[in-house]
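Chain by chain, the residues run as shown.
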Amino acid sequence: MSIKIDRIELSLLELPYVHYFETSFGREESKTFILVRVYADGLCGYGEVVADRGPFYSYETTSTAWMILKEYFVPLVLDSSVTDPLDFYNRVQKYSGHPMAKAGMELALWDLLAKQKNQPLWQLYNGERKEIPSGVSVGIQDTEAELLERIEAFMQEGYLRIKIKIKPGWDVDICRAIRKSFPDILLQADANGAYSLKDKDLLKELDEFDLLMLEQPFPAYDLWDHSRLQLEMKTAICLDESAVSAETVRKALEMGSCRIINIKVGRVSGIIEARKIHDFCEKKTIPVWCGGMLESGIGRAHNLHLASLPNFKFPNDLSASKRYYSQDLIEPQIDITKDGTIRVPEGAGIGVFPQEDRIKRATLQHEKFGAWH
Ligand code: OSB
Ligand code: MG
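Structural notes, computed from the coordinates. (Residues numbered from 1 in each chain as written. Chains lettered and ligands numbered in written order. Predicted model: local features only at pLDDT ≥ 70, side-chain atom pairs only at ≥ 80, totals over all residues. Heavy atoms only, no water.)

## Here we look at the coordination of the magnesium ion (ligand 2)
Looking at the metal site, the magnesium ion (ligand 2) is ligated by Asp190 (OD), Glu215 (OE) and Asp240 (OD), spaced 2.0 to 2.2 Å from it. Taken in sequence order, the residues that donate to the magnesium ion (ligand 2) follow the motif D-x24-E-x24-D. Here Glu215 is found in strand 8 (residues 214–215), whereas its partner Asp240 is found in the loop between strand 9 (237–239) and helix 9 (246–255), with 25 residues between them in sequence. Look at Glu215 and you get buried, because its relative accessible area is 0%. A relative accessible area of 0% means that Asp240 is categorised as buried. (Donors = N, O, S within 2.8 Å, 3.2 Å for Na, K, Ca; no water. Helix = DSSP H or I, 4+ residues; strand = E, 2+ residues; numbered from the N terminus. Buried < 20%, exposed > 50% of the residue type's maximum accessible area, 1.4 Å probe, protein only.)

Here you go:
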């Protein structure tokens, strides 16, 4: 199947969160991200670049991603008639880094390809699950009481597991307080790299709380120290920021740096690399689950299709639209079922409908490339 893409549009969007989101690297009141639209045959493919305003979760930002897309990936797709996502993946290997920019373009190409084939993305990916177990990621709050209240409310809404964000000073005591109120819930903690091996004894205290996993205690580059910690901890370590490619995941598993992998399409440069990680982990009987970057419904729909693959074995950071935004960019809004799952959309491509009027209202900046008349 060949696609001739004649037009591309990049838009920088800002959407306010319904509630601030705070991690070990800071608090945000809104999400800024780049929407990539690729056009061919009267169809439009949508991709989301998950890079944030500032270089905290990763070095990429909305500005670096915009620049890299405009200078390199947009011309690549328009001028050298890149035909499909695999072709794009192969051709962008020569560019170092900038995985979120790569992923945003690759996702748009996948959506377009699936729309041309009139199939939902999960079918192109050989997905199997029709419903995706839904968890919720709860940021650091001003007080412990507020955190407990939020957890209570999310459990009422039916989420299957709670993930909390931890940082030095907001960790062991917080987990103890949660366990006192909620002894049996599925609970995990995410440090976003806020600790070092010097904190080993403190981190080992987390073992008493029966956490499903401890996500990314150390910085991204530090596979080795994760392996030292995992040797001494009962709790499974899950890598997020460190797990940047299938090759890196292989090394992490050989070293014993973790027992679980979080897959985020933006962090790993796209769906093709994400599926390589998924397949490799499946072979090694290492479970994976789908992380999130507080995406709009467009990015979250993409994630739902990916999470339909069989080795996604834990509840995912894929929550209802209203957990993030008062009005999502898509229709229908994403919601959770009474079983705490989200149904994978059945329509062609991402299978949800981006609302152009809402996109326009949220747009801070946009630029068109190719044959617009
Ligand atoms: O580490 O998983 C993370 C959001 C922004 C940056 C990093 C992370 C997160 C989340 C959000 O935990 C999960 C979601 O999208 O629901
Ligand atoms: Mg994480």
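## Quick notes on the sheet that holds strand 10 (residues 260–263)
Read across the open sheet, the 7 strands follow the order 5-6-7-8-9-10-11; overall the sheet is parallel. The open sheet is flanked by strand 5 (135–138) and strand 11 (288–290), the only strands paired with a single partner. As judged from the 2 bridges shared by strand 8 and strand 9, these two strands associate in the parallel manner. Looking at the pairing, Glu215 lines up with Cys238 of strand 9. (Pairing = 2+ DSSP bridges.)

## Overview of the nonpolar core
Soluble globular proteins tend to bury their nonpolar side chains together. Residues Ile5, Met105, Ile164, Ile178, Leu206 and Ile261 are the most contacted members of the largest nonpolar core, which totals 127 residues. A total of 11 residues in this core trace back to one element, the largest contributor, which is helix 3 (residues 99–116). With residues up to four places along the chain from it excluded, the contact list for Ile261 reads Cys238, Leu239, Ala243, Val249, Ile277, Cys281, Ile286, Pro287, Val288 and Trp289. Counting 6 residues, the second-largest nonpolar core is a separate cluster that includes Met213, Ala236, Cys238 and Trp289. (Core = buried A, V, L, I, M, F, W, Y, C linked by side-chain atoms within 4.5 Å. Contact = heavy atoms within 4.5 Å.)

## So, the packing of aromatic side chains
One pair of aromatic rings is described through two measures. These are the centre distance and the angle between the planes. Inspection of every chain in the model, using the stated rule, returns 9 aromatic pairs. Note on Phe25 and Phe56: the rings are 6.5 Å apart at their centroids and 10° apart in plane angle, and the pair reads as stacked. Here Phe56 lies in the loop between strand 3 (43–49) and helix 1 (62–79) and Phe25 lies in the loop between strand 1 (7–23) and strand 2 (26–40), a separation of 31 residues in the sequence. On the basis of relative accessible area, Phe25 is assigned to the partly exposed category, the value being 31%. Ring plane angle 90° and centroid distance 5.9 Å describe the contact between Phe73 and Phe88, whose orientation is recorded as edge-to-face. Pair noted here: Phe73 is in helix 1 and Phe88 is in helix 2 (residues 85–92), with a separation of 15 residues, a long-range link. Note on Phe73: relative accessible area 0%, which makes it buried. Through pairs of rings, three or more aromatic residues link up here, namely Tyr72, Phe73, Phe88 and Tyr95. A cation sits over an aromatic face here: Arg7 above Tyr39, 4.4 Å from the ring centre. We note Arg27 situated over the ring of Tyr20; from NZ or CZ to the ring centre the distance is 3.6 Å. (Phe/Tyr/Trp six-rings, centres within 6.5 Å; stacked < 30°, edge-to-face > 60°. Lys NZ or Arg CZ within 6 Å of the ring centre and 35° of its normal.)

## Points about the site of ligand 1
Taken together, the neighbourhood of ligand 1 is formed by 15 residues, with Ser137, Lys163, Asn192, Leu294 and Tyr324 sitting nearest. In the environment of ligand 1, an oxygen atom lies 2.9 Å from a nitrogen or oxygen atom belonging to the side chain of Ser137. Contact between ligand 1 and Asp240: an oxygen atom at 3.1 Å from a side-chain N or O atom of the residue. For ligand 1, whose unbound accessible area comes to 390 Å², protein coverage reaches 98%. Of the residues in the shell around ligand 1, the class split is 5 nonpolar, 3 polar and 7 charged. (Near = heavy atom within 4 Å. Polar contact = N/O pair within 3.5 Å; in protein donor to acceptor, adjacent residues only side chain to side chain. Areas by Shrake-Rupley, 256 points an atom, 1.4 Å probe, with all protein chains shown as cover. Nonpolar A, V, L, I, M, F, W, Y, C, P; charged D, E, K, R; others polar.)

## Re the pattern of salt bridges
Counted by the stated rule, this structure contains 31 salt bridges. For Arg343, the salt bridge is made with Glu131, and the minimal N-O distance between the two is 3.8 Å. With Arg343 in strand 13 (residues 341–343) and Glu131 in strand 4 (residues 131–133), this pair connects stretches of sequence that are 212 residues apart. Put simply, Asp190 and Lys163 hold a salt bridge, and the shortest N to O gap is 3.2 Å. Taken as a pair, Asp190 in strand 7 (residues 186–190) and Lys163 in strand 6 (residues 161–165) lie far apart in primary sequence, 27 residues in all. Given the relative accessible area of 2%, Lys163 is considered buried. Salt bridges linked by common partners bring Arg161, Lys163, Lys165, Asp190, Glu215 and Asp317 together as one network. (Salt bridge = Lys/Arg side-chain N within 4 Å of Asp/Glu carboxyl O.)

## Side note on the pairing of strand 10
Taking every second residue as pointing to the same face, both faces of strand 10 are buried, with Ile260 and Asn262 on one and Ile261 and Ile263 on the other. Examined bridge by bridge, strand 9 and strand 10 share 2 bridges and lie parallel to one another. Bridging across to strand 10, Cys238 finds its partner in Ile260. Handedness of the β-α-β unit built from strand 9, helix 9 and strand 10 comes out right-handed. When strand 10 meets strand 11, the two strands line up parallel, connected through 3 bridges. Across the sheet, Ile263 pairs through a bridge with Cys290, a residue of strand 11. For the segment spanning strand 10, helix 10 (residues 271–283) and strand 11, crossover handedness is right-handed. (Right-handed = clockwise from strand over helix to strand, strands pointing away.)

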